Amino acid sequence: MNHKRLGLLLGDEEDWPRAFEGLARWMGGKIVWQNKQSQVDVERVRIHPFSLQHGTSYDLVIDRLAYWHFTPREWLKKAALMNDLYLLNNPFTFQSMEKHSAYCAMMRLGFNVPETWFLPPKVGPDNKKYSTTAARYHDLFDLPEIARNIGYPIFMKPFDGGGWRGVTKVDNEAELMAAYHESDTELMHIQKGLDNFDVFVRCLGIGPDVRSFKYDPAQPQHLRYVLTDKVVDDETNEEALLTTKVINAFFRWDFNSCEAIYKDGRLWPMDFANACPDIALTSLHYYFPWAISSLYAWSQFCLATERPMHVTMDIKPYYDIADSDRSFKEKLREYAKLADQHLDTERYWEFRHTALSNLDEVMWHFTRSEEFDQIIVSTVQELFPAHEHEQFIAHYRGLIAKWVEDNNR
Ligand SMILES: Nc1ncnc2c1ncn2[C@@H]1O[C@H](COP(=O)(O)OP(=O)(O)O)[C@@H](O)[C@H]1O
Ligand SMILES: [Mg+2]
């Protein structure tokens, strides 16, 4: 029997890791694929000094830390380069292809990213080199004029984005200048605001498995994922799903969320470099069991098929399609074929239907269990103030019970 180790590199999250570990235990840890049997052990990765010469006993790591914690980030990079560790997600492209680069690359492929400008920081580094350079070469610019040309409302947000940090909606010149002043040394974008939109579509992509959700950013966290069967019309929904799959394959991200705004008959992707996507039970609620089983399935697939880690990107075939004279719809379909090749989509679904044919059933039983209920209870107790515990335990129990009922086959 082939032994494999799956590591979870975690920060302060407890909800989804406990659900993931629970599901792995309920599944029994043995996978048979093409007559080869593997035993997969799930454990939490520890952080400590490491020798660049030493190997690692892990085969795959789901990383939730490297976007802010640089010690594990460097360990992941070393292990990917030296020890063939498979990573969700690729720390190389995630670092070099932040929101700004992701906008640029996707605009180049023809996606409708809202008009976006990059601004020099309000306050530059405090040294003579910078002040001399600025005095000699920085052009004075008329920010209100740029904003007037874009048209209000405008969103000012950090060029590298993430977690709603420093995002401000501005409706006029005074607010614009106040937000710019506030941004201080940060590098900011200003972006055409798409207000009065029809639907905010958020997609979560886990390997080739992509799902769309109706999302309401104006609501408090627990109500943002809206419970609905229909997010948008079928054609737009398909476009959102393909967009997410293409973005993820292009950047070599296996696990990423993509936000797009649907307005006046067009879909505008506007936040899609989220390689540590929110999968909290308290955000996803009804959709949480889907996310956990999908993450479990994709990581098992990568292990069982010994999928190689793709550290580098392969942009040219995408740009060749972008430069062809096809319509955007045709281009999207062609990009999606490249994405499916990269993500091994056909084999993944075969794997799910054979090696993991019992997964949906096991997830269903696990979700109804006392163990899962304890995850709901302790997550609410951790996140909400004491006087809200009863209300929110009932709220999440109700949504999970509805999932159990709807998935009773
Ligand atoms: N161009 C835009 N039009 C409308 N709303 C926007 C726009 N940009 C950002 N927002 C709003 O601000 C939120 C945070 O911005 P986003 O780009 O998603 O940043 P982050 O990467 O921090 O999540 C979005 O979820 C959305 O509600
Ligand atoms: Mg966002």
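Residues numbered from 1 in each chain as written. Chains lettered and ligands numbered in written order. Predicted model: local features only at pLDDT ≥ 70, side-chain atom pairs only at ≥ 80, totals over all residues.

1. So, the overall build of the chain
Counted only if it meets this: The way it works is that DSSP assigns letters per residue, a run of H or I at least four long becomes a helix, a run of E at least two long becomes a strand, and they are numbered from the N terminus. With C-alpha atoms as the basis for the radius of gyration, the globule rule is written as 2.2 Å multiplied by the number of residues raised to the power 0.38. Here the C-beta atoms are placed from the backbone, and a residue counts as buried if at least 20 other C-beta atoms lie within 10 Å of its own, exposed if 12 or fewer do, and partly exposed otherwise.
The helix and strand tally for the chain stands at 16 helices and 14 strands. Relative to a compact globule of 409 residues, whose C-alpha radius of gyration would be 22 Å, the chain shows 22 Å and is just as compact. With 409 residues in all, the chain has 36% of them scored as buried.

2. Focus: the sheet that holds strand 7 (residues 154–158)
Worth spelling out the cut-off: Strands pair, by our definition, only if DSSP identifies at least two bridges between them. To obtain each axis, a line is fitted to C-alpha atoms, and for helices this fit is confined to the stretch in contact; angles are then taken between N-to-C directions over 0 to 180 degrees.
Spatially, the four strands line up as an open sheet ordered 6-9-7-8, and their pairing is antiparallel. For this open sheet the edge positions go to strand 6 (116–119) and strand 8 (168–170), each flanked by a neighbour on one side alone. The sheet shows a mean angle of 25 degrees between the axes of neighbouring strands, direction not considered. Alignment of strand 6 against strand 9 (residues 188–192), held across four bridges, turns out to be antiparallel. Paired with Trp-117 across the two strands is Ile-190, which belongs to strand 9.

3. Focus on the site of ligand 1
As a reminder, the rule being used: We count a residue as near a molecule or strand when its backbone-placed C-beta atom lies within 6 Å of that partner. For this classification, Asp, Glu, Lys and Arg are treated as charged, while Ala, Val, Leu, Ile, Met, Phe, Trp, Tyr, Cys and Pro are nonpolar and the rest, including Gly, are polar. Either an automatic procedure or a domain database provided the assignment from which the domain bounds are taken.
Taken together, 18 residues surround ligand 1, and among them Phe-155, Gly-161, Leu-194, Pro-217 and Asp-271 come closest. For the shell around ligand 1, the secondary-structure elements that each account for two or more residues are strand 7, strand 9, strand 13 (255–263) and strand 14 (266–274). Here the shell around ligand 1 is built from residues that sort into eight nonpolar, five polar and five charged. Counting residues domain by domain, the shell around ligand 1 receives three or more from each of domain 1 (115–192) and domain 2 (199–359).

4. Quick look at the nonpolar core
The condition is simple: Here a nonpolar core is just a set of buried residues of the types Ala, Val, Leu, Ile, Met, Phe, Trp, Tyr and Cys, joined wherever their C-beta atoms sit within 7 Å. Throughout, a pair of residues is in contact if the C-beta atoms placed from their backbones lie within 7 Å.
One finds Val-61, Ala-102, Val-201, Ile-292 and Leu-295 to be the most contacted residues of the largest nonpolar core, which totals 91 residues. By residue number, the principal contributor to this core is helix 10 (residues 288–304), which donates eleven residues. For Leu-295, the contacting residues outside a window of four places in its chain are Phe-20, Ile-206 and Phe-255. Ranked by size, the runner-up nonpolar core spans ten residues in total, among them Ile-154, Phe-155, Leu-176 and Ala-179.

5. Concerning the sheet that holds strand 12 (residues 225–226)
Taken in spatial order, the five strands line up as 12-11-10-13-14 in an open sheet, and their pairing is antiparallel. Two strands bound the open sheet, and with one partner strand each, they are strand 12 and strand 14. Relative to strand 12, strand 11 (residues 209–215) is paired through two bridges, and the arrangement is antiparallel. Paired with Tyr-215 across the strands is Tyr-225, a residue of strand 12.

6. Some remarks on the pairing of strand 14
Looking at chain direction, strand 13 and strand 14 are connected through six bridges and run antiparallel. What sits directly across from Glu-259, in strand 14, is Asp-271. Between strand 13 and strand 14, which pair antiparallel and follow one another directly, the connecting turn spans two residues, one of which, Asp-264, has a positive phi of 50 degrees.

7. Here we look at the pairing of strand 4 (residues 60–63)
Taking every second residue as pointing to the same face, both faces of strand 4 are buried, with Leu-60 and Ile-62 on one and Val-61 and Asp-63 on the other. Where strand 1 (residues 2–9) and strand 4 come together, four bridges link them in parallel fashion. When the sheet's bridge partners are listed, Leu-9 is paired in strand 4 with Asp-63. Where strand 4 and strand 5 (residues 86–88) come together, three bridges link them in parallel fashion.

8. Describing the domain arrangement of the chain
Segmenting the chain into domains produces domain 1 (115–192) and domain 2 (199–359). Just the C-alpha atoms count here: the centres of domain 1 and domain 2 sit 31 Å apart.

9. A closer look at the environment of Pro-308
By the secondary structure assignment, Pro-308 is in the loop between helix 10 and helix 11 (316–322). Each C-alpha atom, one on Pro-308 and one on Leu-85, is 8.5 Å from the other, the two residues being 223 residues apart in sequence.

10. Describing the packing of helix 1 (residues 15–27) against helix 10
The criterion, for reference: Orientation categories follow fixed angle ranges, with anything under 35 degrees roughly parallel, anything over 145 roughly antiparallel, 65 to 115 roughly perpendicular, and all other angles oblique. Note on convention: the crossing is left-handed when the near helix lies turned anticlockwise from the far helix by less than a right angle, right-handed when the turn is clockwise.
Put simply, helix 1 and helix 10 touch, their axes get as near as 10 Å, and they point 60 degrees apart. Considered as vectors, helix 1 and helix 10 are oriented oblique to each other. Of the two possible hands of crossing, helix 1 and helix 10 adopt the one that is right-handed. For the pair formed by helix 1 and helix 10, the contact residues are Trp-16, Ala-19, Phe-20, Leu-23 and Ala-24 on the first element and Ile-292, Ser-293, Leu-295 and Tyr-296 on the second. When grouped by side-chain class, the residues that make up the contact of helix 1 with helix 10 number eight nonpolar, one polar and no charged.

11. Topic: the environment of Glu-239
Secondary-structure assignment places Glu-239 in helix 8 (residues 234–251). The class of Glu-239 is buried, set by 23 C-beta atoms lying within 10 Å. Residues contacting Glu-239, with those up to four places away along its chain left out, are Leu-267 and Leu-332.

12. Quick look at the environment of Val-404
Summarising the element assignment, Val-404 is placed in helix 16 (residues 389–406). In the structure, Val-404 is positioned 41 residues away from Met-363 in sequence and 9.6 Å away in space, judged by C-alpha atoms. Residues contacting Val-404, with those up to four places away along its chain left out, are Trp-364, Thr-367 and Arg-368.

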